[in-house]
Every structure is written in structure tokens, then in C-alpha cells.
Amino acid sequence: MTYYISIQYHLVPTCCRLILDIVFASYCCIIFLSSCTRYEKNKMCGIWAIFGSPDDTSIQCNAAHKITHRGPDAFRIETIHHFPTCCLGFHRLAIVDDLQGMQPMRVFRYPHVWLIYNGEIYNHQQLQKEFDFHYATKCDGEAIIHLYAQGGIEFAAKHLDGVFSFCLLDTANRKVFLGRDTYGVRPMFRLYNDNGFLAVCSEAKGLIGLSQEAYSEHVEPFLPGHVETYKLDMLGKASFEERIRFHKIGETPAYKTVAEIQDKNEVEKNIRILFEAAVEKRLMAERRIGCLLSGGLDSSLVASILAKKAKEMKLSYRIQTFAIGMENSPDLLAARKVANFLETEHHEVVFTPEEGIAALEEVIYHLESYDVTTIRASVGMFLLSKYIKEKTDTTVILSGEGSDEIAQGYIYFHNAPSGADADIESKRLCEDLYMFDVLRGDRSTSAWGLEIRVPFLDHKFSSYYLSLSDSIKQPQKGIEKYLLRSAFDGIDLLPKDILWRPKEAFSDGVSSKTRSWFEILQEFICEQINDSDLESLALTYKHNTPRTKEALYYRQIFEKFYPGQGDWIPYYWMPKWTGATDPSARTLKHYKQ
């Protein structure tokens, strides 16, 4: 059973609100624990806010419920005294500090600051010691408020080790600040027009159709690695002031970390140190942690280190691993071998072609994308997340996303003209991750109330790996991610054949060797789209014009939910340096060899 709790604060004196916050949080906890035989532990956090609304905010607030799936442990919608055209909304999944972590967050020391955010700040305790912050809660996001008060919004964003999207309102200075982590692991969309209307939301669906005026404006993904500043006038209308890029992919982060490199010449050792630290810091949770496991290199490395750290930390539960595929798919067989080796509590989900096809429309709705390879890969993750939510009590899941971009893991990297070209392509993929694999990971899991964590996109690890010389990052001896594999070879962390298992795209690994998932999809879609439809309807879409029936089928579903928003993705994901006409790795010559 899901509970929605809302409260209006605009009639409550400011001096009383902090007391009411504590009472409210305690009341929520009592209600949940007394009303449920099993405390609802699902859903990822979602943020929503509007400033300078031209319409009745009480009506527009209904749009916030479009992202309820991200966090119905508790819900709050709040207007702000003296800012009648502004409103902040929050759907909560309580991962840290169950009692005091409700948002919008305010602390006694800075009563003019209001914060809503989605994410995890892994270094909040280190920041507390470094700057002598006096926290009022145990919630990791409180660090954002103190950092902002210490040195401003750019200073704050630069010192956050974690993943986040946030909206911070400073009522004393009448400023709104928006920020998103370097890789865009946590999502955020923004709508802004010249009439002073600003709206932000974790997912675009919460901004579509806010009002007639807003609907005619374009909803855009907020750029990762940036902060933006807006000024509010006396009517609460917003005016854009500046955008700052606080961190670039590959740059060494500004904050201090526990794991530091001792010897620059010991590359493989440094890779192990930094990656193990990346996994360990992502164990910060008061909920059960598990791991997605495809049996490929990336997820297997994450699972192995997770299992190792769990034993060292003496967690009270056994790590659960989760795999999905069709009957006897390569991923299921490989994942089973890894799970047996690691002695995890392993779960397998077998899905049929019919079940996968039936999920397509719901998958596209949650993805907010029509990219072909993203949709193919999302179906398996979406169905697996559904199983985890319904059949287990695991809420936080680690995954291997980001490794292929950081470590040049895609098969087409074998065809790179040079090490320099490969490095440029690797960094380009990293820049665009938030529109593809990172998007897939977030939406496929958040649709079912899970929080995904991706250690390969740890700032310290990724900046180090990307800084290495071009030649050692390239595929070697016909094997992609050779350096990463070598770094963990010979230490009995994984079975050798798993450590050196060739790349298999997730959307391919879930299917059999004889009949690929993409072929099943194309056969089904061929019966839904006529040749004449492809010729005529494709002309309707000037941006990313569909060239195949599969692409047109996905685009039509996308347009049904998000009409006219096709430029949320700039291009279809495709392998480079090949003559491929399909994104599946199984069509590439190197794969067949």
C-alpha cells in the first residue's frame, strides 16, 4: 500500500516551521510503521518545482504526481511565504536518515535556504570534518546547504563527491540555483520562458502540459556538470543570470578523497584501489543493497567487490544478485557461474519474447526516449527491476554502467584509427551518457522504485582512468578493456573466463545466440508498420528521421506521450568506424569472429 502525505505551509509562521518539520517527520514514521505489515521500502526520490507560475499553483501541483513512482515513501508539496507563484514538491525514498531527511530541507542555521535534491553525497562526513559543519540531520544532502553558505553554489557543486540533481532557493537573496552531477547520473529537466516561468523536475513528464503558456515552451534536459542561477523578482518571476560548468569529465575533482594514488607508475594497482573505493563508498545506505549481474566483465567486477566489502563490513544480510534473459541466454549462464563463485543469493528472471514486446510502450513512457538500442536494452532491465521490487526487499542496486565509455569497451573500438581517436570517442561517449546508458539505468529502475548506483562513473576513478596514455587504454591482443581486465587478473576475484569474457551488449546477452532480441523485435514490428508507412510517416520527423520500421515504431510511441520533443536526444546511438546499419554488436564483423 502506498501513502501520499501532503501539507501546505503558507499559513504557518516561519518560526514554527522547523518544529512542525520534526513533528511531521515523526508522524510519517509512526503512520508508516503502524499501518503496514511490511514497511514500504520502494521508490527513488523525485524533485519538482515551479517559479513565477502564470496559473494557479494548486492546480499545477498536480503535475508533480507524474513522478510519484520515484518516491512515495512520503510526498510533500510546499508553497513559500512571500513567494505565492512558487512551489516545491518532493517524492521521497528514505535511504538515509528516515526521520529527518524529508524535503524541502531547511536547517535552523540557514532558515532562508530551501533545498530539494535527488542523489547521494558520499563525502558528506568528510566535508563536515574539513569545514567544521554543524549538521542538523544525518541526511547526506544537508552538505549542499552548508557548502552553499560557505562559498556559493559553484563552490558547493565542486566539492560534492556523489551523484545529484538539486534545486536550491535562497529567499533572502531571491535566487534559485540548479545543479546536476558530472555524468548526469541523477536526472533533471528544465522549462524556462521569457515571461519568467521556470520549472524543474526529475523527469520531463512532470513538466509536460503544466499550462497552456508552459506547454508551448520547450522542455530540455539540464546539462550535467553545470549549475545555473536565476533571479526572482517581487512577483516570483525568474530571470536567467548565468550558467557555469563546475566540473568537466576527465578533470581531477576538487574534493579530497580517502583513496589517493601513491605511485603514478603502478597503474594497475591504482585502478584497483580507486575502483574498490568507488564501490565501497556506494554502500552508504540504510536499505538492503544488491547488484545487477549480467555475467559480463563490468557487472561481475562490481558484484565481486560488493560481495567482498559486504563480508568485510559484516553486513547483516547476504548480497543478492539479479540476472535476466531468455531461456539459456549467455548472460544467464555466465551470471550463474559468477554468483556461485561469489556465493551470493542469486535470482534469475527468464522472460519470453511476448513479455518483452508487451512491455515496450511502458518502457518508452518511462525512458522518455526513442533511441533504438536504448529501448532494446531497457526492456530486460525494466522487467528485472519489476521482479526485484515485487519479490525482494532490496532497494539499492549497484550496476556496471559507464565502463564501456570510460574503458573503451565497445567492440567498434577495435577499429579506431589511432589511440588519440579512441580517446576522443571515449570522452564523447562519456559526455553523452546521460542521454543513453545512464538514462536507461535510471528510468528502468526508478519506474519500479529502485535506486541504481554506478561505481564506474565515480569521479576519482574515471578521471584517473581517462588521464592514462592513449595506447594502454586501447583494445590489445584483440581484447577490449584489456587494461581493466589485467588490473584484476591473478587475484582470484572472478573466474578467469568471466574476467576475460568478450563484450556482449546487454540487449544481445539476454537473448540466445541463435535468435537475437533485436531480430525478435524487428520481426514483430515488421507486421505493425507497412513499407508505405515508413516512406510517408518518416517525413513527419525532420529531426532524427527514422530510417527503419523499428525506429519509426518507437518514435510513434514516444510522440504519443511527448509530442514535439524529439530533440531530447541529438542522434541515434550507433557504432563508429564501421559500415553498420544496426546498433547491435552482433552485426559487427569482430563479434562474428
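Undergrad: Please set out the layout of surface pockets residue by residue, giving values where relevant.
TA: When its volume is computed, the second largest pocket comes out at roughly 300 Å³. Surrounding the second largest pocket, 19 residues form its lining, Val372, Thr548, Ala551, Thr581 and Pro583 being those nearest its centre. The set of elements that each furnish at least two residues to the lining of the second largest pocket consists of α12 (372-391), α21 (517-526) and α23 (549-561). Residues belonging to the lining of the second largest pocket are distributed by class as follows: eight nonpolar, five polar and six charged.

Undergrad: Break down the packing of α12 against helix α15 (residues 437-446) for me, with residues and values.
TA: In a packed pair of helices, the relevant descriptors are the angle between the two axes and the axis-to-axis distance. One way to put it is that α12 packs onto α15 with a least axis distance of 8 Å and a crossing angle of 30°. When the axis of α12 is compared with that of α15, the two are roughly parallel. Viewed along their axes, α12 and α15 form a crossing whose handedness is right-handed. Counting all contacts with α12, which are made through Thr374, Ala377, Ser378, Met381, Phe382 and Ser385, the residues of α15 involved are Leu439, Arg440, Gly441, Ser444 and Thr445. Residues belonging to the contact of α12 with α15 are distributed by class as follows: four nonpolar, six polar and one charged.

Undergrad: Explain the sheet that holds strand β1 (residues 46-51) residue by residue, including any values.
TA: With respect to topology, six strands assemble into an open sheet ordered β2-β3-β1-β9-β8-β10, the strand pairing being antiparallel. Edge positions in the sheet fall to β2 (74-80) and β10 (219-221), since each of these pairs with one other strand and no more. With strand direction ignored, the average angle separating the axes of adjacent strands in the sheet is 15°. Bridging between β1 and strand β3 (residues 83-92) involves five bridges; their strand directions are antiparallel. Each bridged residue has a counterpart across the sheet, and for alanine 49 the counterpart in β3 is leucine 88.

Undergrad: Kindly report on the packing of aromatic side chains, identifying the contributing residues and their values.
TA: Counted by the stated rule, this structure contains 34 aromatic pairs. Site record: aromatic cluster; members linked through ring pairs are Phe189, Tyr365, Tyr370, Phe558, Phe561, Tyr562, Trp568 and Tyr572. Between the NZ or CZ atom of lysine 205 and the centre of the ring of tyrosine 365, over which it lies, the distance is 4.8 Å. Directly above the ring of tyrosine 370 sits arginine 555, whose terminal nitrogen or CZ lies 4.3 Å from the centroid.

Undergrad: I'd like a description of the confidence of the model for the protein, backed by residues and values.
TA: In the predicted model, the protein carries a mean pLDDT of 87, and the fraction of residues at 70 or more is 86%. The model gives residues 1-43 a pLDDT under 50, and that stretch makes 79 contacts with residues more than four places away or in other chains.

Undergrad: Hey, could you go over the pairing of strand β9 (residues 198-201) for me, with residue numbers and the actual values?
TA: The side chains of a regular strand alternate between the sheet's two faces. Taking every second residue as pointing to the same face, both faces of β9 are buried, with Leu198 and Val200 on one and Ala199 and Cys201 on the other. Sheet analysis places β1 next to β9, joined by four bridges and oriented antiparallel. Across the sheet, the residue bridging to alanine 49 is valine 200, located in β9. Bridge count between strand β8 (residues 189-192) and β9: four bridges; the pairing is antiparallel. Residue pairing in the sheet places arginine 190 in a bridge with valine 200 of β9. Linking β8 back to β9 in an antiparallel pair, the connection comprises five residues, with glycine 196 at a positive phi of about 90°.

Undergrad: Give a description of the nonpolar core that names residues and reports values.
TA: Core analysis: the biggest nonpolar cluster contains 129 residues, and Trp48, Ile271, Leu301, Leu484, Phe488 and Tyr554 have the highest contact counts within it. No other element matches the eight residues that α12 contributes to this core. With 26 residues, the next largest nonpolar core counts Phe133, Ala143, Tyr148 and Val227 among its residues.

Undergrad: Tell me about the sheet that holds strand β15 (residues 345-350), residues and numbers included.
TA: In space, the five strands of this open sheet follow the order β15-β14-β13-β16-β17, with parallel pairing throughout. Unpaired on one side and paired on the other, β15 and β17 (451-453) mark the two borders of the sheet. Averaged over all pairs of adjacent strands, the angle between strand axes in this sheet comes to 30°, irrespective of strand direction. Here strand β13 (residues 288-292) pairs with strand β14 (residues 320-325) via three bridges, running parallel.

Undergrad: Describe in detail unusual backbone geometry, supporting the description with residues and values.
TA: A positive phi is found at aspartate 132, a non-glycine position, where the angle reads about 55°. Here aspartate 132 falls in the exposed class, since its relative accessible area comes to 54%. The phi dihedral of aspartate 492 falls on the positive side, at around 60°, and the residue is not glycine. Relative to the assigned elements, aspartate 492 resides in the loop between α18 (482-487) and α19 (496-499).

Undergrad: How would you sum up the pairing of β15? Please name residues and give values.
TA: Relative to β15, β14 runs parallel, the two being bridged by six bridges. Its bridge partner being in β15, threonine 321 is matched across the sheet by histidine 346. Between β14 and its parallel partner β15, the chain crosses via helix α9 (residues 330-342), and the hand of that crossover is right-handed.

Undergrad: Give me the pattern of salt bridges: which residues, what numbers.
TA: Summed over all chains, the structure comprises 45 salt bridges. In this structure, the salt-bridge partner of aspartate 423 is lysine 473, at a minimum N-O distance of 2.6 Å. Of this pair, aspartate 423 sits in helix α14 (residues 419-432) while lysine 473 sits in helix α17 (residues 470-473), and the two are 50 residues apart along the sequence. A relative accessible area of 10% means that aspartate 423 is categorised as buried. Connected via shared salt-bridge partners are Arg70, Glu203, Lys205, Glu368, Asp442 and Arg443.

Undergrad: Let's hear about the environment of leucine 360: which residues, and what values?
TA: Relative to the elements of secondary structure, leucine 360 occurs in helix α11 (residues 360-367). For leucine 360, a relative accessible area of 1% corresponds to the buried category. Between the C-alpha atoms of leucine 360 and isoleucine 375, which are 15 residues apart in sequence, the distance is 7.8 Å. Setting aside anything within four residues of it in sequence, one finds leucine 360 in contact with Ile375, Val379, Leu521, Tyr553 and Tyr554.

Cut-offs applied
- Residues numbered from 1 in each chain as written.
- Predicted model: local features only at pLDDT ≥ 70, side-chain atom pairs only at ≥ 80, totals over all residues.
- Heavy atoms only, no water.
- 1 Å grid on protein atoms, 1.4 Å probe; cavity = no way out; pocket = protein on both sides within 12 Å on 5 of 7 lines; lining within 4 Å.
- Points joined across faces, edges and corners; volume = space filled by probe spheres on them.
- Helix = DSSP H or I, 4+ residues; strand = E, 2+ residues; numbered from the N terminus.
- Nonpolar A, V, L, I, M, F, W, Y, C, P; charged D, E, K, R; others polar.
- Axes fitted to C-alpha atoms, helices over the stretch in contact; angles between N-to-C directions.
- Parallel < 35°, antiparallel > 145°, perpendicular 65-115°, else oblique.
- Left-handed = near helix turned anticlockwise from the far one by under 90°.
- Contact = heavy atoms within 4.5 Å.
- Pairing = 2+ DSSP bridges.
- Phe/Tyr/Trp six-rings, centres within 6.5 Å; stacked < 30°, edge-to-face > 60°.
- Lys NZ or Arg CZ within 6 Å of the ring centre and 35° of its normal.
- pLDDT = per-residue confidence, 0-100.
- Buried < 20%, exposed > 50% of the residue type's maximum accessible area, 1.4 Å probe, protein only.
- Core = buried A, V, L, I, M, F, W, Y, C linked by side-chain atoms within 4.5 Å.
- Right-handed = clockwise from strand over helix to strand, strands pointing away.
- Salt bridge = Lys/Arg side-chain N within 4 Å of Asp/Glu carboxyl O.

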